[in-house]
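Listed here are the chains, written in short residue letters.
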Amino acid sequence: MAQQQTTAAPGEPAAGPRGRRLGQGPGRLLLWFYGVFTVAALSRSIVQISTKFSDAPLAYVLSLAAGVVYAVITVALWRGGDQARRIALVSCSAELIGVIAVGVLTVADSSAFPDATVWSDFGVGYVFLPLILPVMGLLWLREAGRPERGTQESAAPRP
């Protein structure tokens, strides 16, 4: 079975063989949120690391890691396509695991984190969006990975 070839105009996100663009529809809102979170987390962590790293090194490095994960997801949603979708799936999963792990650690032993991270207390400082975004992202990526209705690909087995 030949895969459908899609091309995008220069500067426009690519579509996968199923014709879906990750940054379109509900993905556009996710793309916007992840873009904002990328800037917020990276700028906050860079300032904290460069000005007061010795105060809470673990918290600041975790905020930097969160910013990098957000950047990867942002680029993957913008680029679109099957490979970007897989990268976004892995990144959203890692983000969700990170938010839950750091959330549990900050609730269980707040002394381990003398300063808050983006993921502290499950993202309470960001209105719990760090916990909500990866769940919404995973749901959207699952939906975007399904063949569009009415295409022959939905009936054909994948190799």
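This text gives an overview of the structure that appears in the document.

Basis of the calculations
- Residues numbered from 1 in each chain as written.
- Predicted model: local features only at pLDDT ≥ 70, side-chain atom pairs only at ≥ 80, totals over all residues.
- Heavy atoms only, no water.
- Helix = DSSP H or I, 4+ residues; strand = E, 2+ residues; numbered from the N terminus.
- Axes fitted to C-alpha atoms, helices over the stretch in contact; angles between N-to-C directions.
- Parallel < 35°, antiparallel > 145°, perpendicular 65-115°, else oblique.
- Left-handed = near helix turned anticlockwise from the far one by under 90°.
- Contact = heavy atoms within 4.5 Å.
- Phe/Tyr/Trp six-rings, centres within 6.5 Å; stacked < 30°, edge-to-face > 60°.
- Buried < 20%, exposed > 50% of the residue type's maximum accessible area, 1.4 Å probe, protein only.

## Some points on the overall build of the protein
Point 1. If you tally the helices and strands in the protein, you get four helices and zero strands.
Point 2. The secondary structure elements of the protein, listed N-terminal to C-terminal, are α-α-α-α.

## Concerning unusual backbone geometry
Trans peptide bonds make up the majority, and among non-glycine residues the majority have a negative phi.
Point 1. Despite not being glycine, D121 has its phi angle at roughly 50 degrees, a positive value.
Point 2. In this fold, D121 is placed in the loop between α3 (82–108) and α4 (129–144).
Point 3. Unusually for a residue other than glycine, V127 sits at a positive phi of about 55 degrees.
Point 4. Position of V127 among the secondary structure elements: in the loop between α3 and α4.

## Examining the packing of helix α2 (residues 57–79) against α3
Point 1. Direction vectors running N to C along α2 and α3 enclose 155 degrees, while the axes themselves pass 9 Å from each other. Taken together, α2 and α3 sit at an angle that is classed as roughly antiparallel. Once α2 is placed against α3, the crossing between them reads as left-handed. Touching L62, V69, Y70, V72, I73, A76 and R79 of α2 are A84, I87, A88, S91, C92, E95 and V102, all from α3.

## Some thoughts on the packing of aromatic side chains
Point 1. Tallied over the full model, the rule gives four aromatic pairs.
Point 2. Plain terms: the ring middles of W32 and F33 are 5.0 Å apart, the flat faces sit at 80 degrees to each other, and that makes the pair edge-to-face.
Point 3. Taking relative accessible area as the criterion, W32 reaches 52% and is therefore assigned exposed.
Point 4. Judged by its relative accessible area of 22%, F33 falls in the partly exposed class.
Point 5. Here the aromatic rings of F37 and Y70 are separated by 5.4 Å at their centres, their planes lie at 85 degrees, and the arrangement is edge-to-face.

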